[in-house]
Amino acid sequence: MNKNSSNKMALAPNTSKKKETVCIFGTGDFGRALGHKMIQSGYSVVFGSRSTQTSSLIPKDAEVLSHAEAAQKAAIIIIAIQRQHYNFLTPLAEILHGKVLVDVSNNLKINQYPESNAEYLAQLVPGAKVVKAFNTVSAWALQSGTLDASRQVFVCGDDMEAKQMVMDIVRALGLTPLDKGSLLAAQEIENYPLQLFPMWKFPILLSLGLVTFFFFYCLIRNVIYPYVYEKKDFSFFIAISIPNRICPILALTLLALVYLPGVLAAIIQLYRGTKYRRFPDWLDKWMLCRKQLGLVALAFASLHVLYTLVIPIRSFVRWRISSRTVSQALNNETEPLNTTNAWLSDSYLALGILGFFLFVLLGITSLPSVSNNVNWREFRFVQSKLGYLTLILCTAHTLVYGGNRFLRPSSYVWYLPSAYMLSLIVPCIVLVVKFVLLFPCLDKPLTRIRQGWERNPQYSE
Ligand code: NAP
């Protein structure tokens with residue numbers, strides 16, 4: 001580790017009081033980074049290593065001893081070594097008896113071993129108090145001080161006192177410990193850094209599927225059909241027109257999908273007459289990724305806004321306007337202002353602007369830094385009441401955009417309705433069902449169920 005980097009550490013805590021000695025087994029990247037941070041925080045650090053020769057990489061205030069010698073100097077030993085080398089600890093079991101062993105290790109794959117690394121360590125050294133911690137913090141983050149994204153340190157262990165000692169160290173390093181309970185939680189903590197945006201998988205895959213479907217749908221209707229029947233080449237629609245159709249469709253559909261699971265959950269609870277039975281797994285998972293679905297929807301809505309802003313400068317649009325003007329001039333015609341159309345167009349735009357504004361507000365309140373500053377009731381108000389209002393405005397925006405177009409036979413190309421009509425299916429279902437659920441004959445029993453009342457208590461799990 002570069003020693004000069006130590007002055008870059010943004011989170012250097014108070015070092016005025018000398019704290020206890022901590023032993024770190026392993027002088028690899030993580031051991032050195034943690035050692036450096038601990039020395040900065042006022043701890044004495046002694047490394048246990050296979051080689052007692054110090055190198056320029058090792059923090060200069062730290063001692064390097066053999067494992068056995070180093071272990072005797074501290075009550076807490078951090079095992080900064082890969083799990084596959086843990087068997088060297090077996091002969092040290094006697095020295096390690098009663099010590100707090102901190103397992104920081106990670107694996108290469110989720111559930112790589114039948115038991116967690118921390119539980120394996122506890123089996124190898126039965127007399128030690130094993131605590132799992134620090135595995136979600138990277139050596140690089142410790143070294144550079146860029147810990148903003150990973151300030152939380154998950155801690156778990158069976159011995160309360162040992163866990164407390166480790167949590168004190170975590171706090172002293174300027175990090176936030178999060179007690180995850182007994183050592184049984186270690187597997188989950190070890191899997192955590194291996195997960196790649198788990199909550200984003202479903203929203204992203206769903207969006208990709210919908211984008212592909214609507215792309216080909218619009219391609220058939222707006223490019224292939226005019227080419228086949230009128231020999232018109234509208235292939236340039238692929239650049240802006242089609243994306244500007246897909247984006248609002250995705251934004252509206254995904255926003256509706258944020259609220260659909262809540263409506264389904266209400267129906268299930270009403271049907272079962274209890275809230276104490278688990279929802280099906282697929283519904284649980286769907287509920288958990290609602291925030292991500294909403295943020296993807298917001299991204300599509302933002303793209304729709306950008307695509308819409310460039311409409312007036314598009315060559316095709318300018319050509320269409322000028323050719324209509326020329327044709328009117330040649331035919332000596334003037335088109336009178338149609339106030340109904342003007343009203344519809346302005347209302348459609350106004351609904352879109354208001355819908356997008358609330359959409360952005362929803363997105364902002366879902367950011368942790370904002371949601372942490374509002375209470376539960378305020379958060380529920382924004383996400384539920386304002387969320388539904390956003391859905392109503394965006395659905396109305398699409399309905400007014402379509403007007404009575406769905407009545408015209410020309411809107412149906414090869415029997416396919418306009419894409420915007422498809423985008424209205426899910427939101428309309430959600431809004432109608434939600435409206436029905438507000439009827440007192442359904443709302444009252446649902447509220448009672450949510451307060452713990454059960455229709456048939458003997459059937460609940
Ligand atoms: P590393 O750079 O490979 O260092 C591992 C150290 O283990 C070596 O430097 C060596 O120290 C010791 N070691 C290697 N083979 C050994 C053996 N056969 N017997 C005894 N000791 C042996 O690995 P690392 O990146 O520091 O990671 C160490 C642990 O921290 C791992 O479990 C890892 O999952 C975890 N971790 C790492 C990071 C990170 O960002 N790197 C983040 C979170 C958790 P000596 O030469 O001093 O004996």
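Quick caveat, the model's predicted, so the values are computed rather than measured.

With that settled, the discussion passes to the overall build of the chain. Secondary structure summary: the chain contains 18 helices and eight strands in total. In terms of overall dimensions, the chain has C-alpha extents of about 100 × 60 × 40 Å along its principal axes. For the chain, with 461 residues in total, the buried portion stands at 43%. Considering only contacts in the chain between residues 6 or more positions apart, those separated by 24 or more positions represent 72%. A total accessible area of about 25600 Å² is found for the chain, and carbon and sulfur atoms account for 61% of it.

In the structure shown here, the tally under the stated rule is 11 salt bridges. Where R171 meets D168, a salt bridge forms, and the shortest distance between an N and an O atom there is 3.1 Å. A residue pair is termed a helical-turn pair when its members lie 3 or 4 positions apart in one helix, as R171 and D168 do in helix α6 (residues 160-172) at three residues. Classification of R171 as partly exposed rests on a relative accessible area of 43%. On the basis of relative accessibility, which here comes to 40%, the residue D168 falls in the partly exposed class. One salt bridge connects R278 with D281, and the closest N-O pair in it is separated by 3.6 Å. A residue is classified by how much of its surface remains accessible, and R278, at 55% relative accessible area, is exposed. You can call D281 partly exposed: its relative accessible area is 48%. Residues participating in the shared-partner salt-bridge network are D103, K132 and E190.

Here we take up the domain arrangement of the chain. The domain boundaries assigned to the chain delineate domain 1 (20-194) and domain 2 (198-451). Summarising the inter-unit geometry, the C-alpha centres of domain 1 and domain 2 are found 50 Å apart.

With their axes 4 Å apart at the nearest point, helix α10 (residues 281-288) and helix α11 (residues 290-309) run at an angle of 50° to one another. Classed by the angle they form, the pair α10 and α11 counts as oblique. For the pair α10 and α11, the contacting residues are W286, M287 and L288 in the first and R290, Q292 and L293 in the second. Along the lines of polarity and charge, the residues of the contact of α10 with α11 split into four nonpolar, one polar and one charged.

Attention shifts here to the packing of aromatic side chains. If you walk through the whole model with that rule in mind, you get 22 aromatic pairs. Considering the side-chain rings of F234 and F236, the 6.1 Å spacing of their centres and the 85° angle between planes classify their relative orientation as edge-to-face. Ring centres of F234 and F316 lie 6.1 Å apart, and the angle between their planes is 70°; on these two criteria the pair is classed as edge-to-face. Taken together, the residues F234 in the loop between α8 (201-230) and α9 (241-272) and F316 in helix α12 (residues 315-330) connect sequence positions 82 residues apart. Judged by relative accessible area, which is 18%, F316 ranks as buried. Among the aromatic side chains, those forming a connected cluster through ring pairs are F234, F236, F237, F316 and W319. Positioned over the ring face of Y113 is R83, at 3.6 Å from the centre of the ring. In this structure, R83 packs its charged tip against the face of Y120, placed 4.1 Å from the ring centre.

Quick look at the site of the ligand now. Inspection of the region around the ligand gives 19 residues, with T27, F30, S49, N106 and A139 positioned closest. In the model, an oxygen atom of the ligand is placed 3.1 Å from a nitrogen or oxygen of the G28 main chain. Contact between the ligand and N106: an oxygen atom at 2.8 Å from a main-chain N or O atom of the residue. The residue makeup of the shell around the ligand, split by class, is seven nonpolar, 10 polar and two charged.

Turning our attention to unusual backbone geometry. At N111, a residue that is not glycine, the phi angle is positive and equals roughly 50°. Topologically, N111 is positioned in the loop between β5 (100-103) and α4 (117-124). At N332, a residue that is not glycine, the phi angle is positive and equals roughly 55°. Relative to the helices and strands, N332 is located in the loop between α12 and α13 (339-365).

This part is about the UniProt feature "domain: Pyrroline-5-carboxylate reductase catalytic N-terminal" (unreviewed entry) in the chain. On the UniProt side, "domain: Pyrroline-5-carboxylate reductase catalytic N-terminal" (unreviewed entry) is annotated at positions that read residues 21-107 here. This span, residues 21-107, is 25% helix and 24% strand, and a straight line between its end C-alpha atoms measures 28 Å.

In this section: the pairing of strand β2 (residues 44-48). Here is the key point about a regular strand: its side chains alternate between the two faces of the sheet. Counting buried positions along β2 gives four out of five residues, so the element sits mostly inside the fold. Bridge count between strand β1 (residues 21-25) and β2: five bridges; the pairing is parallel. By the bridge assignment, I24 is partnered in β2 with F47. Where the polypeptide runs from β1 across helix α1 (residues 29-40) and back to β2, its parallel neighbour, the crossover connection is right-handed.

This part takes up the environment of G28. Relative to the elements of secondary structure, G28 occurs in the loop between β1 and α1. Owing to a relative accessible area of 30%, G28 belongs among the partly exposed residues under this scheme. G28 sits 28 residues away from S56 along the chain, and the two C-alpha atoms are 13 Å apart.

Positionally, T340 belongs in helix α13. Given a relative accessible area of 52%, T340 falls into the exposed group. A C-alpha to C-alpha distance of 44 Å links T340 and L270, two positions 70 residues apart in sequence.

Calculation rules
Residues numbered from 1 in each chain as written. Predicted model: local features only at pLDDT ≥ 70, side-chain atom pairs only at ≥ 80, totals over all residues. Heavy atoms only, no water. Helix = DSSP H or I, 4+ residues; strand = E, 2+ residues; numbered from the N terminus. Buried < 20%, exposed > 50% of the residue type's maximum accessible area, 1.4 Å probe, protein only. Contact = heavy atoms within 4.5 Å. Areas by Shrake-Rupley, 256 points an atom, 1.4 Å probe, with all protein chains shown as cover. Salt bridge = Lys/Arg side-chain N within 4 Å of Asp/Glu carboxyl O. Domains from an automatic or database assignment. Axes fitted to C-alpha atoms, helices over the stretch in contact; angles between N-to-C directions. Parallel < 35°, antiparallel > 145°, perpendicular 65-115°, else oblique. Nonpolar A, V, L, I, M, F, W, Y, C, P; charged D, E, K, R; others polar. Phe/Tyr/Trp six-rings, centres within 6.5 Å; stacked < 30°, edge-to-face > 60°. Lys NZ or Arg CZ within 6 Å of the ring centre and 35° of its normal. Near = heavy atom within 4 Å. Polar contact = N/O pair within 3.5 Å; in protein donor to acceptor, adjacent residues only side chain to side chain. UniProt positions renumbered as here; feature names shortened; annotations may be inferred. Pairing = 2+ DSSP bridges. Right-handed = clockwise from strand over helix to strand, strands pointing away.

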